[in-house]
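Remarks on the overall topology
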Amino acid sequence: MTRIATPRKPRARSQARIDTILDAARTLLAAEGVASLSIYSVAERAGIPPSSVYHFFASVPALLEALTADVHAAFRACLQAPIDHGALNHWHDLSRLVEQRMLVIYSEDAAARQLILAQHGLTEVTQADRQHDLELSELMHTVFARHFQLPALPTDVDVFALAMELGDRVYARSVQQHGEITPRMAEEGMRVFDAYLGLYLPPYLPKREAS
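The following refers to the structure shown. What you see is a predicted model; the values in this text were computed from it and never measured.

A look at the overall build of the chain
If you tally the helices and strands in the chain, you get 9 helices and 0 strands. Mapped in sequence order, the helices and strands of the chain form the string α-α-α-α-α-α-α-α-α. Overall, the chain is about 60 × 45 × 30 Å in size when its C-alpha atoms are taken along their principal axes. Looking at the chain residue by residue over its 211 residues, the buried ones come to 43%. Look at the contacts in the chain between residues 6 or more apart in sequence, and 72% of them connect residues 24 or more apart. Here the chain displays about 12000 Å² of accessible surface, and carbon together with sulfur accounts for 51% of that area. Taking the 20 positively charged and 25 negatively charged side chains of the chain as two groups, their mean positions are separated by 5 Å.

Shown next as structure tokens:
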């Protein structure tokens, strides 16, 4: 199996410039949406020449892919954050906690809503999002297995990835209609997430003695 070379970590000065570019893009994305984003508008917002942006990001989709990676890094962090094992009485408690943490990210990050939930039609961003969803799915499976004894799950269907994607469809509808995820639609999205997992997780799962 061919291994993909791991990109070298940028030097501190380069990383600082990348962070400046991404911060500018995030600000513009939150304020004006994907359609109005350009290398030149990002450069102007960041106060640097367009050539400096092109040096790190060859196109707007490349820039958006980097922002998508940042958003998913926040999602991974919320899954990796400590969970009070003693407070979990049922796997539904864990599924609700996970979704609530992700909803906080959507609520606080307008760029995340634009990238993941808005209809932008950018194939590269959509594909990057789906790839990151697979990584999140593996992590979520690990989190659930740490707290509960899971049954054998299908190998031809990624249950946790589909559950997240279905919940996101509800959140996306809310963003399209209201510009935000309303409390009512947040609840519906969590119900959809929970209901789909419930097709594969039985009503009662034995809780592990220690997380």
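Digging into helix H8 (residues 159-178)
Helix length check: H8 (20 residues) gives 29 Å between terminal C-alpha atoms against 28 Å at 1.5 Å per residue, within 8%. Here H8 has its buried residues at Val-159, Phe-160, Ala-161, Ala-163, Met-164, Gly-167, Asp-168, Val-170, Tyr-171, Ala-172, Ser-174 and Val-175. Looking one or two residues beyond H8, the residue adopting positive phi is Gly-179, at roughly 80°.

A closer look at the pattern of salt bridges
Enumeration according to the criterion identifies 5 salt bridges in this entry. The salt bridge partner of Glu-187 is Arg-96, with a shortest N-O separation of 2.8 Å. Of this pair, Glu-187 sits in helix H9 (residues 183-197) while Arg-96 sits in helix H5 (residues 91-108); the two residues are 91 residues apart in sequence, bridging distant segments of the chain. The class for Glu-187 is partly exposed, based on a relative accessible area of 30%.

Here's the deal with empty space enclosed by the protein
Overall, the coordinates contain 1 cavity of 30 Å³ or more when judged by the stated rule. Phe-75, Glu-99, Met-102, Tyr-106, Asp-133, Leu-136, Met-164, Asp-168 and Tyr-171 together form the lining of the largest cavity. Contributions of two or more residues to the lining of the largest cavity are made by H5, helix H7 (123-147) and H8. Each residue belonging to the lining of the largest cavity can be placed in one class, and the counts come to 6 nonpolar, no polar and 3 charged.

Definitions and limits used
Along each chain, numbering runs from 1 in the same order as the chain's sequence is written. Confidence filtering applies because this is a predicted model: local features only for residues at pLDDT of at least 70, side-chain atom pairs given and counted only at 80 or more, and all residues used for totals across whole chains, interfaces and linings. To get the side-chain values, all heavy atoms of the structure are used, and hydrogens and water are removed first. Under the scheme used here, helices are H or I runs from DSSP no shorter than 4 residues and strands are E runs no shorter than 2 residues, and both carry numbers assigned from the N terminus. Think of it in three bands: residues with accessible area under 20% of the maximum for their type are buried, residues over 50% are exposed, and the middle band is partly exposed, with areas taken using a 1.4 Å probe on protein chains only. Any two residues whose heavy atoms approach within 4.5 Å are treated as being in contact. Areas reported as accessible are Shrake-Rupley estimates using a 1.4 Å probe. Residue values count occlusion only from the protein chains shown. A positive count includes Lys and Arg, and a negative count includes Asp and Glu. His and the chain ends are not counted in either. Charge coordinates come from a single atom per side chain, which is NZ of Lys, CZ of Arg, CG of Asp or CD of Glu. Expected helix span is given by 1.5 Å per residue-to-residue step, counting one fewer step than there are residues. By salt bridge we mean one thing: a side-chain nitrogen of Lys or Arg within 4 Å of a carboxyl oxygen of Asp or Glu. Cavities and pockets are defined on a 1 Å grid built over the protein atoms alone: a cavity is a set of grid points where a 1.4 Å probe fits but cannot escape, while a pocket is an open set with protein on both sides within 12 Å along at least five of seven lines, and lining residues are those with an atom within 4 Å of any such point. Grid points are joined across faces, edges and corners, and a volume is the space filled by probe spheres set on the points. Residues were grouped as follows: Ala, Val, Leu, Ile, Met, Phe, Trp, Tyr, Cys and Pro as nonpolar; Asp, Glu, Lys and Arg as charged; and all remaining residues, including Gly, as polar.

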